[in-house]
Amino acid sequence: MCGIVGYVGKRDCADVLVAALSKLEYRGYDSAGIAVFVNNTIQTAKSQGRLEDLSKKMEQEGKPEGHVGIGHTRWATHGKPSDINSHPHRGGENVTIVHNGIIENYKQLKEMLIAEGRSFVSETDTEVVAQLLDYNYNGNPLETIAKTMAQVIGSFALGILFNDFPNRIYAVRRESPLIVGVGEDESFIASDVPAILKYTRQYYLLEHDEIAMLEEGSITFCNMQFRPIQKKLMTADWDMEAAEKQGYEHYMLKEIHEQPESIKRTVMPRIENGMPNLSECGITPESLRAFRNIYIVACGTAMHAGMVGKYVIEKLARVPVIVDIASEFRYRSPLIGESDLIIIISQSGETADSLAAMRLASERGAKTLAIVNAKGSSIAREADMLIYTHAGPEIAVASTKAYMVQISVMYLFAFELAYAKGKIDEAECRRLTALLLETPDRIAALLEQKEELKAMSEALVSAESLLYIGRGLDYALSMEGSLKLKEISYIHSEAYAAGELKHGTISLIDRDMPVIAVDTQPDLHKKTVSNIEEVKARGAKTLVICGESLIPSKEVADYFFAVPEIDALLMPMLAVVPLQLIAYYVSVMRGNDVDKPRNLAKSVTVE
Ligand code: AGP
């Protein structure tokens, strides 16, 4: 997954491109580059490494001076991170491009072009598109683009410069997100809104197989048959401030602290007179009653939010819920059919596996409901029903506030479904809804105690591997706690059903294997404590995240953090916060780049 940008205007293009790319580094950051028209010829500067490495290179070797150009920040898919594999890529004498996405038939196209006498310098699929554009070039950019896109299979957003048309940018979109920003006498292309917020909040959404042409004073759109398209001008409701760190050391810490407000923005508009009301998302009690099975399909943290949803929906509404990793769902011939509902959870709304899973379910006749944070994203636009979460921009690669609002929507959905099916009465539905509305203040209070978690985190810093264990909702929480720790501290960890340890995995336990236990469910407390005692007896250092009434004795826990209690069903909303903070502190103590952990990108728009 990568970030692309482009600029047409009167400013110093290189500076604008670098500033815009800096807001897209969450999409990938193993190399970066720009290409700028300088006196009607295209000059390119690119390098492996972060954006600052590119800026240093331009300081040393000279910066392209111009007013029109394109830029790219990369998360490698084809070809390792290197100078030569970084974008932009050139095709022959006529074309320079930047690309986000994946070209599925690049090998066949490359073989054809080599047979036609073309040679390649990089390992990337992007260079194949650049060479194909050049191969098809007939002096007419739109015809060249249309012919080329007809030959390409895959997902892409492209920024294209044609040598013969200086001071003009072309952009094309198929699957991968792309917007066209509109400023005062200037225009932009970008993979995401934060890239342009410094200059404008107005933008157009480029849709599937559409072409945009930007030049001074003009932005036009057409389809692949060159039919002009009129588009609705949108206004980003984010401002730069919201997308900045606001004084926190890292975006992740800021976003953990934004969770109370994020919940309020997401939940309160969906509660009417004390009862959940999701009708604005196209969900009615009648439609809810009709569903036979519910599938929740997502990736990573979003899938973990689905796990919480499973426990809550099955407990309250008594409807079978199948939770699946999107990349597994697609290839296991799922039994999903017409009377089923699939819920796709996605912060970015662009995760390729989740989008493909939703399409597969739709082909099987299932109704699709998307729970998405990014407005106008692909998953959001293709779903039958849509619930936007309102966490605002989540910049840190490690998802926190998005997870929180995803589970808050799961609760709303579960309450409304259970009430629609007559499994809970109005009084119970009101009670649970009122408790959900209490969680923002309870989380804010919990965040005041965050310093207590630093000692617990210090005990983990030198660990090489650890287990997270829990039962029921605490097991679902353990999954999220484990992923948070792994992805930003680089310490191996695994979430394990506490009751399952004795069936093999407990052999791993020794004094070098800390165990974090989540114990917030009173009805499972005794059994969870016995599982903690099992690992303690084998030398493990034990750390317990527990409900206030479930504090373990010193014989059981070396460390514990007590979470003020709410109904056990809603404890995930509170107990996930210490798990997020432990991962954060351990990562900071290990000197890692908390917001941009190695090997990762914020949204994985490739399979
Ligand atoms: C979460 O911390 C990770 N960054 C990752 O697992 C993420 O949740 C996953 O890639 C799904 O992304 P999405 O929510 O944008 O679909």
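Overview of the structure. As the structure is a prediction and not an experimental result, all values here were calculated from the model.

Here we take up the site of the ligand. Taken together, 14 residues sit near the ligand, with Ser-346, Gln-347, Ser-348, Thr-351 and Glu-487 positioned nearest. Gln-347 has a polar backbone atom sitting 2.7 Å from an oxygen atom of the ligand. Here an oxygen atom of the ligand and a side-chain polar atom of Glu-487 are 2.4 Å apart. If the ligand stood free it would expose 410 Å²; the protein chains cover 91% of that surface. Only α10 (300–317) and α17 (473–489) provide two or more residues apiece to the shell around the ligand. Among the residues forming the shell around the ligand, the class breakdown is five nonpolar, seven polar and two charged.

Moving on, we get to unusual backbone geometry. The linkage connecting His-87 with the following residue, Pro-88, adopts the cis geometry, with an omega of 5 degrees. Take Pro-88: it is sitting in the loop between β4 (68–74) and β5 (89–91). Phi at Asp-209 takes a positive value of approximately 55 degrees, unusual for a residue other than glycine. Within the secondary structure, Asp-209 sits in the loop between β11 (202–205) and β12 (210–215). Positive phi is not limited to glycine here, since Asn-273 has a value of about 50 degrees.

Moving on: α17. In this model, α17 (17 residues) spans 24 Å end to end at C-alpha, consistent with the 24 Å of a helix rising 1.5 Å per residue. Most of α17 sits inside the fold, with 14 of its 17 residues counted as buried. Immediately downstream of α17, the backbone of Tyr-490 shows phi near 70 degrees, a positive value.

For the rest of this paragraph, the subject is the sheet that holds β5. Spatial ordering of the open sheet is given by β5-β6-β7-β8-β12-β13, a layout of six strands whose pairing is antiparallel. Edge positions in the sheet fall to β5 and β13 (218–223), since each of these pairs with one other strand and no more. Averaged over neighbouring strand pairs, the angle between their axes works out to 25 degrees when direction is ignored. As paired elements, β5 and strand β6 (residues 95–103) share three bridges and run antiparallel to each other. Within the sheet, the bridge partner assigned to His-89 lies in β6 and is Ile-97. Packing against the sheet, helix α4 (residues 125–136) makes contact with β5, β6 and β7 (154–162), and its axis sits at approximately 130 degrees to β6.

Here we take up the pattern of salt bridges. Scanning all chains against the criterion turns up 29 salt bridges. One salt bridge in this structure joins Asp-324 and Arg-332, with 2.2 Å as the shortest N-O distance. Sharing partners across several salt bridges, the network here consists of Asp-12, Asp-15 and Lys-63.

Rules used in this analysis
- Residues numbered from 1 in each chain as written.
- Predicted model: local features only at pLDDT ≥ 70, side-chain atom pairs only at ≥ 80, totals over all residues.
- Heavy atoms only, no water.
- Near = heavy atom within 4 Å.
- Polar contact = N/O pair within 3.5 Å; in protein donor to acceptor, adjacent residues only side chain to side chain.
- Areas by Shrake-Rupley, 256 points an atom, 1.4 Å probe, with all protein chains shown as cover.
- Helix = DSSP H or I, 4+ residues; strand = E, 2+ residues; numbered from the N terminus.
- Nonpolar A, V, L, I, M, F, W, Y, C, P; charged D, E, K, R; others polar.
- Expected span 1.5 Å × (residues − 1).
- Buried < 20%, exposed > 50% of the residue type's maximum accessible area, 1.4 Å probe, protein only.
- Pairing = 2+ DSSP bridges.
- Axes fitted to C-alpha atoms, helices over the stretch in contact; angles between N-to-C directions.
- Contact = heavy atoms within 4.5 Å.
- Salt bridge = Lys/Arg side-chain N within 4 Å of Asp/Glu carboxyl O.

Purely geometric stuff here, so don't read any function into it on its own.
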